[in-house]
Amino acid sequence: MKSRIIKAAMYAVVLFVVAGAGVSAIFPAIFSTQAEQGEASPRATQPIIIRKANGTGIAFHVELAVTEEQQAQGLMNRPTMQKDHGMLFLFDDVSVRSFWMRNTLIPLDLLFLDAAGQITHIHNEAQPLDETLIPSNGKALAVLEINGGLAETYGISVGTLLQHPIFSNGPT
């Protein structure tokens, strides 16, 4: 337990020290492919694992939205998305976030995540084309968008961990 706390503290210090350089500078290998691809839709994916409290994992393949352009585009104008796919929005800082569904054609679940990769808020079944703001209800480093209804289907809840190298819980 003590080693996990020390490891988490070390990750937090590293993220704090290099935060000024931005997320893409911290993990250039993770982001270089997508940054070079521009706004091709859909872009290359990376694996993530959502680790439930009982230890079981749910695998998804996510596109990363790292640049302002990628984040503004998000999943707009896509008529479908594969069930095990999604988009992970990664930000340079932990802050209050708001999303909307402008030009988004499919219902989505939005999972707001802290720096450790822990889900802090879930907005289920965001409605297509709705421009009502969807708040994070607290500070978030990242937001995962998956097909609407999957959080409930898979039993994903607040407190569940998402594993990806950007989070202090380590790689998948």
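Given the structure is predicted, the values throughout are model-derived calculations rather than measurements. (Residues numbered from 1 in each chain as written. Predicted model: local features only at pLDDT ≥ 70, side-chain atom pairs only at ≥ 80, totals over all residues. Heavy atoms only, no water.)

Participant: Can you tell me about the overall build of the protein, naming the residues and giving the values?
Facilitator: Check the secondary structure of the protein and you find 5 helices and 7 strands. Along its sequence from the N terminus, the protein presents helices and strands in the succession α-α-α-β-β-α-β-β-β-β-α-β. Scored against the burial criterion, the 172 residues of the protein give a buried share of 41%. Counted over contacts in the protein with a minimum sequence separation of 6, partners at least 24 positions apart contribute 68%. Split by element, the accessible area of the protein, about 8800 Å² in all, is 58% carbon and sulfur. (Helix = DSSP H or I, 4+ residues; strand = E, 2+ residues; numbered from the N terminus. Buried < 20%, exposed > 50% of the residue type's maximum accessible area, 1.4 Å probe, protein only. Contact = heavy atoms within 4.5 Å. Areas by Shrake-Rupley, 256 points an atom, 1.4 Å probe, with all protein chains shown as cover.)

Participant: Got a sec to walk through the pairing of strand E3 (residues 85-99)? Specific residues and values, please.
Facilitator: Where strand E2 (residues 57-65) and E3 come together, 5 bridges link them in parallel fashion. In the strand pairing of E3, Ala65 is matched with Phe89. Relative to strand E6 (residues 134-147), E3 runs antiparallel, the two sharing 9 bridges. Its bridge partner lying in E6, Leu88 is registered against Leu144. (Pairing = 2+ DSSP bridges.)

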